[in-house]
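Observations on chain architecture
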Amino acid sequence: MIHASLEDDKDMLKLLYTHGYRLGPDTDRRINKDYLKRIKLFKARASPVYNIVAFEESNDIHEHDPLKTSFEYARKARSLATKIQDFTAEYTDIARKCEDFAKGLLDKCTTKHEVQTLLQTRSYLGHTDANFNIAILDGHKEFVAHEKFQQMLHKKWGQRDRLQWKDTPSYNIFWSEMNGLGKVAHIIKQIFIFLILPLVVFASTISPSFGSCFPCSYFVKQSQIPVNRFLYWEMSKWVFYGIVMSTLVDQHEVTWYDMITVFWITSYLLENVRTIHR
């Protein structure tokens, strides 16, 4: 099966896959000691043809998404290329092939809906943008620089995704198309929403049904728009700076500023953990 994968023999791979043959991880001690065998097995498992066959036979987009799998192996190959410098060229070549396959899938998309479908898989229940987030967070620069991905990035930056809110109308906020006065007005509006959001989140935590009724639903939807989330992040950062400055000026050993600072740092750490999980 390794030979069929390395030779991109799709028919042979399908035949072997249907009879229960799989390419497992390199857990064998003999393989672990032999770097040439490890590279050969890794290259076979990272083969786009093998991943396509796995997806076609399982028909499970969440477990065997070819694009997501290619991203994963490209990231692993880049990491191994720096760790195992004797085989940098081999692992770099594997990463390049995975990246080329990912860009090839994007090239074949002819409509915006196809691009959305390609990027909207999930890594856990309730998550819908795994490929989109992975491409950005894992540093797949050539894929992100593709004009079709950039079009989707501009759309997500400018407005809330209609699919996320099903049949409700989307909020068309194209930041790049606003004039200077419109941007200032929007920032002022979001400052007031930013101050109210903690109360909305607290109320929704106590009673989940509270977040679905007006006006709480309006604040929740506003918080999901990428432009607004960026503004909230910047506002939060400046509030944190103000709290830190207050702790430096205040001469008391322990004040309520210190407690808020600890809470703020903890929330930032949790946000980073959630980003890594995505």
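Data block above holds the structure.
Criteria and thresholds
Residues numbered from 1 in each chain as written. Predicted model: local features only at pLDDT ≥ 70, side-chain atom pairs only at ≥ 80, totals over all residues. Heavy atoms only, no water. Helix = DSSP H or I, 4+ residues; strand = E, 2+ residues; numbered from the N terminus. Buried < 20%, exposed > 50% of the residue type's maximum accessible area, 1.4 Å probe, protein only. Contact = heavy atoms within 4.5 Å. Areas by Shrake-Rupley, 256 points an atom, 1.4 Å probe, with all protein chains shown as cover. Phe/Tyr/Trp six-rings, centres within 6.5 Å; stacked < 30°, edge-to-face > 60°. Patch = residues over 30% accessible without salt bridge, like charges linked within 9 Å, V, L, I, M, F, W, Y side chains within 5 Å. Salt bridge = Lys/Arg side-chain N within 4 Å of Asp/Glu carboxyl O. Lys, Arg positive; Asp, Glu negative; His and termini not counted. Charge placed at Lys NZ, Arg CZ, Asp CG, Glu CD.

Scanning the protein from terminus to terminus reveals 15 helices and zero strands. Looking at the 278 residues of the protein, the share that counts as buried comes to 35%. Considering only intrachain contacts with a sequence separation of at least 6, the fraction spanning at least 24 residues in the protein is 56%. Surface accessibility of the protein: about 17500 Å² in total, with carbon and sulfur atoms responsible for 61%.

Scanning all chains against the criterion turns up eight aromatic pairs. For the pair Phe71 and Phe143, a centre-to-centre distance of 5.0 Å together with 85° between the ring planes defines the contact as edge-to-face. Of the two residues, Phe71 sits in helix 6 (residues 66-83) while Phe143 sits in helix 10 (residues 141-144), which places them 72 residues apart along the sequence. Between Phe132 and Phe149 the ring centres are 5.1 Å apart and the planes differ by 15°, which places this aromatic pair in the stacked class. Of the two residues, Phe132 sits in helix 9 (residues 130-137) while Phe149 sits in helix 11 (residues 147-158), which places them 17 residues apart along the sequence. According to the relative accessible area criterion, Phe132 is buried, its value standing at 7%.

Moving on, we come to a nonpolar patch on the surface. Where nonpolar side chains cluster on the molecular surface, the patch consists of Ile187, Ile191, Leu195 and Ile196 and spans about 320 Å² of accessible area. With a relative accessible area of 32%, Ile187 lands in the partly exposed category.

Attention shifts here to helix 9. In terms of burial, helix 9 is largely enclosed, as six of its eight residues are buried. Positive backbone phi, approximately 75°, marks Gly139, located one or two places after helix 9.

Glancing now at a negative patch on the surface. The grouping of Glu7, Asp8, Asp9 and Asp11 at the surface amounts to a negative patch. Position of Asp8 relative to the elements: it lies in the loop between helix 1 (2-6) and helix 2 (10-18). Overall, Asp8 belongs to the partly exposed group, its relative accessible area being 46%.

For the rest of this paragraph, the subject is the pattern of salt bridges. A full pass over the atoms with the stated rule returns 10 salt bridges. Residues Glu99 and Arg78 are paired through a salt bridge, measuring 2.9 Å at the closest nitrogen-oxygen approach. Of this pair, Glu99 sits in helix 7 (residues 88-107) while Arg78 sits in helix 6; the two residues are 21 residues apart in sequence, bridging distant segments of the chain. According to the relative accessible area criterion, Arg78 is partly exposed, its value standing at 30%. Each of the salt bridges in this network shares a partner with another, and the network as a whole consists of Asp93, Arg96, Lys97, Asp100, Lys103 and Glu142.

Take the side chain of Asn51 next. With respect to the helices and strands, Asn51 occurs in helix 5 (residues 48-58). Take Asn51: its relative accessible area is 6%, and that puts it in the buried class. The contact partners of Asn51, leaving out residues within four places of it in the chain, are Arg45, Ala46, His64, Pro66 and Thr69.

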